[in-house]
Amino acid sequence: MKFKKMITIAAAIGALSISGCAQNSTNEKKDGTFNVYASVYDYGARVDKVMIESPVTLNGDSIKKDTFTVTTNNKSTAGIDYENGERTVEKVYVSDKNGKKADEGKYVVVELETNLNTEYSDVLQWNDDTFSNVPLEVEYKVKQNKDVETKEGKKVELKLSQDKFVQNIVDEFDSGESKDGIHYRDYKPKADGKKHPLVIWLHGAGEGGENNVAQINGNRGAVAFTTDEAKEIFDNPYVLAPQSPDYWMPEFAVGDLVLKGTDNTDKVVSLIKEYIAEHDDIDENRVYIGGCSMGGYQTWETLFAAPELFAGAFPICAAYDVPTENMDKVKEIPMWLMHATIDDTVPVQYSRNAYKHMQELGANVLYTEYPEVKVEGQDYESHAVWVYPLNNEATTEDGTTFFEWLASQHK
């Protein structure tokens, strides 16, 4: 959706007069840099702050909320239109190099508004033609509007240019490619002489491609298992996030659009086996697999192809009317299915049917159906039921959390 901002003549004149404060010829002019930081939220990766590095030590009292203007200068990597704009600044303060607030220092943290509906904060761009998210070339501009002072009280004018784009946690995932050509990102625990479980996350329809990053930027599916809470519960797990070169499904329809994918189940199984063989501290009795939407479909297909590999599974709002004739192959694998009643992307009946048939087989299966998807009073897209388990908010009847339940499963 396109948005246009109406700027009155008075506001424009005011902006000119404010920016003029930083143009005083008596000010000391200095070159500085800034880094742009992004984090992965329930609604995907978003830029949530910039951090300025000044060549001189600044007085924290001279920095105000409106001292700097932050605007995007992003570029599409898919050759499609992209609209840039000004970001809303929430907080500004001088800090040490680690971002901790200080009375004086060479660093300035500019925290940016970041919520479900924040404009211009994206790291990914939606491509309607390919029905997929593609990475943006993330570039920002930071302009000083008002005077800032050094710790000695001298006024300084900073000319700022971007240095790095930093993706929190995402940058901790390495990139890899299997022998069969499946790209993946993976998170490895520090070697400590112990065995660690492996959690495999399979992305949804919109995160395929060759970029090898959209699958962990689209939502918290992979990064959720690297939080301090998850590390403690799972005892520092490995996390593996393969990327489909197109779509996990060989074919699916979105309205009048019919999209062609590739059956990569054999390649996914080979990747998992390769990965386990390459890391001898993976506990083969604690390998878990799950995914959302089309990733739920691929979860089922991978389970059917190699049930012996897995200790637990979690197909979330799976885009799959699961064939009952295959369920007997996986009845020994503990599973937790989830779906939202109001899901208008994938029928909730798919998960209901799968749960019913697994129950009839005597399987160890749980099913949680949420009436809607609402977080902190905000209505999320009705398909996004994965926000509950990935925030460890799904619980069993006895209060066991999703992470606790999954981590307790052993072959």
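Just so we're clear, the structure is a prediction, and the values are computed from it rather than from any experiment.

Caption draft 1: Region of interest: the packing of aromatic side chains. Counted by the stated rule, this structure contains 22 aromatic pairs. Ring centres 5.6 Å apart and planes at 50 degrees place the aromatic pair Phe 173 and Tyr 187 in the tilted group. Taken together, the residues span a long stretch of sequence, with Phe 173 in the loop between β10 (155–167) and β11 (174–177) and Tyr 187 in strand β12 (residues 183–187) at a distance of 14 residues. Here Phe 173 and Tyr 187 have matching classes, each one buried. Of the aromatic side chains, those joined through ring pairs into one cluster are Trp 201, Phe 225, Phe 234, Tyr 288, Phe 314, Trp 336, Phe 402, Phe 403 and Trp 405. Against the face of Tyr 37 rests Lys 49, its NZ or CZ located 4.9 Å from the ring centre.

Caption draft 2: The nonpolar core, seen in detail. Ranked by size, the top nonpolar core spans 69 residues in total, and within it Phe 68, Val 110 and Phe 225 carry the most contacts. The dominant element in this core, judged by the number of residues it contributes, is strand β2 (residues 44–59), at 6 residues. Dropping the residues within four chain positions of it, Phe 225 is found in contact with Val 199, Ala 230, Phe 234, Pro 237, Val 239, Phe 314, Leu 390, Phe 402, Phe 403 and Leu 406. With 47 residues, the next largest nonpolar core counts Val 287, Leu 303, Val 322 and Val 346 among its residues.

Caption draft 3: Here's a closer look at the pattern of salt bridges. Under the criterion given, the structure shown has 14 salt bridges. For the salt bridge of Arg 220 with Asp 42, the shortest nitrogen-to-oxygen distance reads 3.6 Å. Within this pair, whereas Arg 220 is found in the loop between α2 (214–217) and α3 (228–234), its partner Asp 42 is found in the loop between β1 (28–41) and β2, the two being separated by 178 residues in sequence. On the accessibility criterion, Asp 42 (16% relative accessible area) is buried. Asp 66 is the partner of Lys 146 in a salt bridge, and the nearest nitrogen-oxygen pair spans 2.8 Å. In this pair, Lys 146 is assigned in the loop between β8 (140–144) and β9 (148–149) and Asp 66 in the loop between β2 and β3 (68–72), connecting sequence segments 80 residues apart. The structure contains a network of salt bridges with shared partners spanning Asp 174, Asp 186 and Lys 188.

Quick notes on the rules
Residue numbers restart at each chain and count upward from 1, following the sequence in its written direction. Totals for whole chains, interfaces and linings use every residue, but because this is a predicted model, local features are given only for residues with pLDDT of at least 70 and side-chain atom pairs only at 80 or more, for both listing and counting. Values shown for side chains rest on all heavy atoms present in the structure; no hydrogens or waters enter the calculation. Ring pairs shown here join Phe, Tyr and Trp side chains whose ring centres sit within 6.5 Å, with only the six-membered ring taken for Trp; geometry is labelled stacked below 30 degrees between planes, edge-to-face above 60, and tilted in between. Segments assigned H or I by DSSP are reported as helices when at least four residues long, segments assigned E as strands when at least two residues long, and all are numbered from the N terminus. Burial here depends on accessible area, computed with a 1.4 Å probe over protein chains only, as a share of the maximum for the residue type. Under 20% is buried, over 50% is exposed, and the range in between is partly exposed. For a Lys NZ or an Arg CZ to count as sitting over a ring, it must be within 6 Å of the ring centre and within 35 degrees of the ring normal. In this text, buried Ala, Val, Leu, Ile, Met, Phe, Trp, Tyr and Cys residues form a nonpolar core when linked through side-chain atoms within 4.5 Å. Two residues form a contact once any of their heavy atoms are found within 4.5 Å. By definition here, a salt bridge exists when the distance from a side-chain nitrogen of Lys or Arg to a carboxyl oxygen of Asp or Glu is within 4 Å.

These figures come from the coordinates and say nothing about function on their own.
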